[in-house]
Amino acid sequence: MTTRTAPTRTTPRVGTRLEIDTLIEDPETRIVVCCGSGGVGKTTTAAAIGLRAAERGRKVVVLTIDPARRLAQSMGLTELDNTPRVVKGVRGDGELQAMMLDMKRTFDEVVLAHAEPERAKAIMENPFYQSLSAGFAGTQEYMAMEKLGQLRAEDHWDLIVVDTPPSRSALDFLDAPSRLGSFLDGKVIRLLTAPAKVGGRSAMKFLNAGMGLITGTLGKIFGAQLLTDVQTFVSAMDSMFGGFRERADRTYELLKAPGTAFLVVAAPERDALREAAYFVDRLAADHMPLAGLVLNRVHTTGAPQLTAERALAAAEALEENGSPTSSAAAETVAAGLLRLHAERVQIMNRERRTRDRFVSVYPDVPIVEVAALPGDVHDLDGLRTVGDRLGSAVD
Ligand SMILES: Nc1ncnc2c1ncn2[C@@H]1O[C@H](COP(=O)(O)OP(=O)(O)O)[C@@H](O)[C@H]1O
Ligand SMILES: [Mg+2]
């Protein structure tokens, strides 16, 4: 346990700085996972870190989940084919590959890799399987884990940077493997696959009779077609049972391993930081290695010494009294700019207070701040700029 001292007004804690460059240059760092709530900049951060690490000589693959279309295009991600593609325009000797996760295709790949072609075909044509693979809650998170495991097993890259799905709940991402695992070896499914597992003629006969009874009843409730689908699906999946679970467990262990670093991404706003706190607690509870917090889209100003109060007072003075040396139009423009500056400084102050509150509760979580850029981040130059801010080039 760390002792927590109450924050004081006069000397807010600054927190430790998260040294991204040290992290990504360390050959021991093999996996970086960017997590956080939706819209805070996870995908941008993952891509920027991937590019920065590659331009510092590492062989990197970035697994993105939902890149904005223009960003995807600038990284050469035009096809949803689950294969890492080389990103063109990377400077230096490193290498950057990127891929977008296609959940359904990843699911299909698993089936194809673990079932005989005939069975694989039966599974993939099954409507139950199709709806499961496309929409089952948590499958996207699960598949991100599955893909991470695959990429790691290929052993081609020094560093894998993983973006995470825009989960509604902070817990989905870490819970997904066990949730899907327990669905797949849950009671109902064990029951449905029992005949295939038990074997032996009389047992089969007995169980099939039992199954007929059960399916008769359940069929009335759920509809016979759905049940037939489920049965086809699970009996075809039977040979693969345990496989999902085992791989999910292995990937989960991989996440806990020393070569993995989690970055929690958040905006400097109350709700986003509350979610971030949730992630930090959850990672700690699961013994996942947290590297730190990326505070993204922080407001900055070119004139930090001019306070909001002074800017507002100057704007009012200009509007009321005018200036002996300039025209009325110039005064209006100047007053407008002063007001804009005041507004920005007020936002900055609010963001700083929000950050300081987080720091006072989590003094040991290193933080790096990334300024809000004037526009969206949609090309390699934009990613490079974000990377510079993440690294030590700009403060
Ligand atoms: N530092 C930044 N400055 C300006 N725009 C940013 C910054 N970080 C992210 N964005 C923009 O914010 C939007 C959401 O970012 P994204 O990375 O897709 O978030 P997430 O993956 O968490 O949903 C994108 O349009 C992106 O270009
Ligand atoms: Mg995203």
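As a reminder, the structure under discussion sits directly above these lines.
Residues numbered from 1 in each chain as written. Chains lettered and ligands numbered in written order. Predicted model: local features only at pLDDT ≥ 70, side-chain atom pairs only at ≥ 80, totals over all residues. Heavy atoms only, no water.

A. Local environment of the overall build of the protein. Summing up its helical and strand segments, the protein has 16 helices and eight strands in all. Going through the 395 residues of the protein one by one, you find that 46% of them count as buried. Of the contacts made within the protein by residues no fewer than 6 positions apart, 77% connect residues no fewer than 24 positions apart. When the accessible surface of the protein is summed, it comes to about 20000 Å², and 54% of that surface belongs to carbon and sulfur atoms. (Helix = DSSP H or I, 4+ residues; strand = E, 2+ residues; numbered from the N terminus. Buried < 20%, exposed > 50% of the residue type's maximum accessible area, 1.4 Å probe, protein only. Contact = heavy atoms within 4.5 Å. Areas by Shrake-Rupley, 256 points an atom, 1.4 Å probe, with all protein chains shown as cover.)

B. A look at the site of ligand 1. In the vicinity of ligand 1 lie 15 residues, with Gly39, Lys42, Thr43, Thr44 and Leu373 positioned nearest. Taking Asn296, its side chain carries an N or O atom lying 2.9 Å from a nitrogen atom of ligand 1. In this structure, an oxygen atom belonging to ligand 1 sits 2.9 Å away from a side-chain N or O atom of Arg297. Elements represented by at least two residues in the shell around ligand 1 include exactly α2 (42-55), β7 (290-298) and β8 (367-371). Residue contributions to the shell around ligand 1 peak at three residues, all from α2. Of the residues in the shell around ligand 1, the class split is six nonpolar, six polar and three charged. (Near = heavy atom within 4 Å. Polar contact = N/O pair within 3.5 Å; in protein donor to acceptor, adjacent residues only side chain to side chain. Nonpolar A, V, L, I, M, F, W, Y, C, P; charged D, E, K, R; others polar.)

C. Seen up close, the nonpolar core. Judged by nonpolar contacts, the single largest core of 42 residues is most densely connected at Met75, Leu96, Leu263, Leu383 and Leu390. The leading source of residues in this core is α2, at seven residues. Contact partners of Leu263, with chain neighbours within four places excluded, come to Leu18, Ile20, Leu23, Val32, Val33, Cys34, Cys35, Ile49, Ala291, Gly292 and Val294. (Core = buried A, V, L, I, M, F, W, Y, C linked by side-chain atoms within 4.5 Å.)

D. Quick look at unusual backbone geometry. Even without a glycine there, the phi angle at His287 is positive, about 55°. Within the fold, His287 resides in the loop between α13 (270-285) and β7. The backbone phi angle of Arg297 is positive, close to 65°, even though this residue is not glycine. Along the chain, Arg297 turns up in strand β7. Take Arg297: its relative accessible area is 45%, and that puts it in the partly exposed class.

E. The arrangement of the sheet that holds strand β4 (residues 95-100) in detail. Taken together, the eight strands give an open sheet; going across it, the order is β3-β4-β2-β5-β1-β6-β7-β8, and neighbouring strands pair in mixed fashion. Bordering the open sheet on either side are β3 (85-86) and β8, each of which pairs with just one other strand. (Pairing = 2+ DSSP bridges.)

F. Spatial organisation of the pairing of strand β1 (residues 31-35). With five of five residues buried, β1 is to be regarded as a mostly interior element. Side chains Ile31, Val33 and Cys35 of β1 all project onto a buried face; the interleaved residues Val32 and Cys34 project onto the opposite face, where all are buried too. Where β1 lies against strand β5 (residues 159-163), four bridges are found, and the strand directions are parallel. Residue pairing in the sheet places Cys34 in a bridge with Asp163 of β5.

G. Looking closely at α13. In a regular helix each residue adds 1.5 Å, so 16 residues correspond to 22 Å; α13 covers 22 Å between its end C-alpha atoms and thus fits that length. Within the sequence span of α13, burial applies to Ala272, Leu273, Ala276, Ala277, Phe279, Val280, Arg282 and Leu283. Of the residues trailing α13, His287 is marked for its positive phi of about 55°. (Expected span 1.5 Å × (residues − 1).)

H. Fine view of the environment of Glu369. With respect to the helices, strands and loops of the structure, Glu369 is situated in strand β8. Take Glu369: its relative accessible area is 31%, and that puts it in the partly exposed class. Spatially, the C-alpha atoms of Glu369 and Leu293 are 8.5 Å apart, while their sequence positions differ by 76 residues. Beyond its immediate stretch of four places on either side in the chain, Glu369 contacts Leu295, Val298, Arg355 and Arg389. Of note is the side chain of Glu369, whose polar atom sits 2.4 Å from the side chain of Arg355.

I. Fine view of a positive patch on the surface. On the surface, a cluster of positive charge is made up of Arg270, Arg350, Arg353 and Arg357. By residue number, the principal contributor to the positive patch is helix α15 (residues 328-361), which donates three residues. In this structure, Arg353 sits in helix α15. Judged by relative accessible area, Arg353 falls into the partly exposed class, the value being 48%. (Patch = residues over 30% accessible without salt bridge, like charges linked within 9 Å, V, L, I, M, F, W, Y side chains within 5 Å. Salt bridge = Lys/Arg side-chain N within 4 Å of Asp/Glu carboxyl O. Lys, Arg positive; Asp, Glu negative; His and termini not counted. Charge placed at Lys NZ, Arg CZ, Asp CG, Glu CD.)

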